[in-house]
Amino acid sequence: MEIYGLAILTALFLLGETIGYSLGKLLNVGDVGGVGFAMLFLILLTNTKYWNEKVSEKTKSGMKFVGAIYVPIIVAMVLQSNIIGAFKGGFIAFLAGGIAVVGMLLLTPLLSRYAKIKK
Amino acid sequence: MWLINIIKDLLTKNGLIWACLVVGVIYLVGWYLNKYLFRGKINNFTLAMIIALIISGIAGAYTGKTKGLADIPIFAGVGVLGGSMLRDYAIVATAYGAKIEEIKKGGVMAVISLLIGVVGSFIIGVIIALLFGIKDVKDMTTIGAGACTFIVGPVTGESIGASSQAIALSVAAGVVKSVLAMILIPALGKPLKIKSPQAAMVVGGLVGTTSGTVAGLTALDPALVPYGAMTATFYTGLGCLLCPSILYIIVRAIF
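Residue indices follow the written sequence of each chain, beginning from 1 at its first position. Both sets of labels track the order of writing: A upward for chains, 1 upward for ligands. Given that this is a predicted model, residues contribute local features only at a pLDDT of at least 70 and side-chain atom pairs are listed and counted only at 80 or more, while totals for whole chains, interfaces and linings are drawn from all residues.

Draft legend 1. Representation of the overall build of chain B in the model. Secondary structure summary: chain B contains 12 helices and zero strands in total. Counting from the amino terminus, chain B carries its helices and strands in the arrangement α-α-α-α-α-α-α-α-α-α-α-α. Here the C-alpha atoms of chain B give a radius of gyration of 20 Å, agreeing with the 18 Å that 2.2 N^0.38 yields for 255 residues. Each of the three principal axes of chain B carries a C-alpha extent, and together these read 65 × 45 × 30 Å. Backbone-placed C-beta atoms define the burial measure: a residue is buried with 20 or more other C-beta atoms within 10 Å of its own, exposed with 12 or fewer, and partly exposed in between. The buried share among the 255 residues of chain B stands at 56%. Secondary structure counts use DSSP, requiring at least four H or I residues in a row for a helix and at least two E residues in a row for a strand, with both numbered from the N terminus. When we talk radius of gyration, it's over C-alpha atoms, and the globule rule is simply 2.2 Å times the number of residues to the 0.38.

Draft legend 2. Structural detail: the overall build of chain A. For chain A, the helix and strand inventory stands at seven helices and zero strands. At 19 Å, chain A has a C-alpha radius of gyration far larger than the 14 Å of a compact globule built from 119 residues. Expressed as lengths along the three principal axes of its C-alpha atoms, the size of chain A is roughly 55 × 40 × 35 Å. Contact between two residues is assigned when their C-beta atoms, built from the backbone, lie within 7 Å. Counting contacts in chain A only where the partners sit at least 6 residues apart, residues at least 24 apart contribute 52% of the total.

Draft legend 3. Structural detail: the interface of chain B and chain A. Taken residue by residue, the interface counts 94 residues in chain B and 67 residues in chain A. Here the side of chain B that touches chain A gets 16 residues from one element, more than from any other, and that element is helix H6 (residues 100-131) of chain B.

Draft legend 4. Layout of the nonpolar core. Only buried Ala, Val, Leu, Ile, Met, Phe, Trp, Tyr and Cys residues enter a nonpolar core, and they are joined through C-beta atoms within 7 Å. In terms of nonpolar packing, the biggest core is built from 122 residues, with Met39(A), Val75(A), Ala96(A), Val92(B), Ala93(B) and Ile143(B) touching the most fellow members. The leading source of residues in this core is helix H12 (residues 225-254) of chain B, at 15 residues.

Draft legend 5. Structural context of the domain arrangement of chain A. Domains are outlined according to an automatic or database domain assignment. Segmenting chain A into domains produces domain 1 (1-81) and domain 2 (83-119). Between domain 1 of chain A and domain 2 of chain A, the C-alpha centre-to-centre distance is 27 Å.

Draft legend 6. Geometry of the environment of Leu224(B). Residues and elements named next belong to chain B. Considering the arrangement of structural elements, one finds Leu224 in the loop between helix H11 (210-220) and H12. Measuring from C-alpha to C-alpha, the distance between Leu224 and Ala199 comes to 8.8 Å, with 25 residues separating the pair along the chain. Beyond its immediate sequence surroundings of up to four residues, Leu224 is in contact with Pro197, Ala200 and Leu217.

Draft legend 7. Just the domain arrangement of chain B, in detail. All names here are of chain B. When its domains are assigned, chain B resolves into domain 1 (2-82) and domain 2 (100-254). Here the C-alpha centre of domain 2 lies 27 Å away from the C-alpha centre of domain 1. The partner domain 2 presents six residues to the five residues of domain 1 that form the contact.

Draft legend 8. Region of the structure containing the packing of helix H2 (residues 34-46) of chain A against helix H5 (residues 84-94) of chain B. Fitted lines through C-alpha atoms give the axes, limited to the stretch in contact for helices. The angle between two N-to-C directions lies from 0 to 180 degrees. Axis separation between H2(A) and H5(B) bottoms out at 8 Å; the angle between their running directions is 35°. The element H2(A) and its partner H5(B) pack so that their crossing is right-handed. Counted together, Val35(A), Ala38(A), Met39(A) and Leu42(A) of H2(A) and Asp88(B), Ile91(B) and Val92(B) of H5(B) form the full contact between these two elements. The residue makeup of the contact of H2(A) with H5(B), split by class, is six nonpolar, no polar and one charged. A clockwise turn of the near helix away from the far one marks a right-handed crossing, whereas an anticlockwise turn of less than a right angle marks a left-handed crossing. Three categories are distinguished: nonpolar for Ala, Val, Leu, Ile, Met, Phe, Trp, Tyr, Cys and Pro, charged for Asp, Glu, Lys and Arg, and polar for the others, with Gly belonging to the last.

Draft legend 9. Representation of H6(B) in the model. All names here are of chain B. Any helix carries an expected span of 1.5 Å times its number of residues minus one. Here H6 contains 32 residues, and its C-alpha end-to-end distance of 44 Å stays within 8% of the 46 Å for a straight helix at 1.5 Å per residue. The sharpest bend along H6 reaches about 50° and sits at Gly107. Positive phi appears at Gly133, one or two residues downstream of H6, with a value of about 80°. In this analysis the local bend is the angle between axes fitted, respectively, to the seven residues ending at and the seven residues starting at the residue.

Draft legend 10. Examining helix H1 (residues 2-27) of chain A more closely. All names here are of chain A. Look at H1: 38 Å from first C-alpha to last across 26 residues, which is about the 38 Å you get at 1.5 Å a residue. Every buried residue of H1 is listed here: Gly5, Ile8, Leu9, Leu12, Phe13, Gly16 and Gly20. Once H1 ends, the next one or two residues include Asn28, with phi positive near 65°.

Draft legend 11. Layout of unusual backbone geometry. Backbone geometry places Lys193(B), a non-glycine residue, at a positive phi of 55°. Of note, Lys193(B) is situated in the loop between helix H9 (164-188) and helix H10 (197-207).

Draft legend 12. Examining the packing of H6(B) against H12(B) more closely. Residue and element names in this part refer to chain B. Remark: H6 packs on H12, axes separated minimally by 9 Å, with the N-to-C direction vectors making an angle of 40°. The angle between H6 and H12 falls in the class oblique. The chirality of how H6 crosses H12 is right-handed. Across the interface between the two elements, Glu102, Ile103, Gly106, Ala110, Leu114, Gly117, Val118, Phe122 and Val126 from H6 touch Tyr227, Thr231, Phe234, Tyr235, Leu238, Gly239, Leu242, Cys243, Leu247 and Val251 from H12. When grouped by side-chain class, the residues that make up the contact of H6 with H12 number 14 nonpolar, four polar and one charged. Working rule for angles: under 35 degrees goes down as roughly parallel, over 145 as roughly antiparallel, 65 to 115 as roughly perpendicular, anything else as oblique.

Draft legend 13. Quick peek at the confidence of the model for chain B. Residues of chain B with pLDDT of at least 70 account for 100%, and the chain-wide mean is 87. Model confidence for the complex is summarised by a pTM of 0.80, with the ipTM given as 0.87. The pLDDT value expresses, per residue, how confident the predictor is, ranging between 0 and 100.

Put into structure tokens, the structure is as follows:
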């Protein structure tokens, strides 16, 4: 059933967040990759033989549904960005944030090429 | 007017589903503009995002607050739909169908790019702060941390005791970074060859800001989102760990 998909997803999400926040507590910061851990668990689960052969399509579709509505969720997220705050920071904020993103993006081809050569 | 009051009540009460309609309309407008104005040459999501950015800016100017459209009471539901709970839940769900082999291939590079991403952004932020004549070590560090993400900045600033002005600047720097990532990742995706899961993982590690990376990768190619998002979600934690500790100590030692 669809609800199982949602339930499993929530369980994995909470498990990942628990690890993320525990790690954070250990290191005295907030959340360290809780979402990332949850994603990892989901990938591990959905790549198992059991998942692919035994779990019903309806359960899977419950999970896929959440994955599908993330696009409108991202649009809603963008709708609440603090554009004025970005401008108010003036030149320093604009340059610090801007050069950081441009500079790092330019490094992408270098690092991703290396990622492939290694294997 | 009684009718307007009824509608207002209904929209406030049903905020979350009303937000779905709002986003749907924005999407439709984006699709329409794309079809008739840009002849289908732009990605629909990119246009929807640009419209959302503009609306958010106008709303922010109108309310004078920080959460864009969500600060207008009848649109508060947008804040729920796009808030961190549903956003993180949905980001996790995008990992459905991602392949373990791809992640294994990119794993080492993802960790390296995370480190380069945090330290690199920090250095750039510190240099910019220096160029603008900010001499205080704590303030410099905070702006450097803000160049990581808009969460790392204030967390760092508060933990080392920077001035509130520097903390505000760091938040602004992080927001600029996030918004630019949304626009630049799809714009530069082709020349930078962001087309494999490994490249997406590297982008997530280098750029870091989850909202910006996820929105940018969605516009570029939704299939890459899980890989980029997974590394990006470790970035803020790593930044909050490194900036107020090792990186702060290094900056203090130099200046």
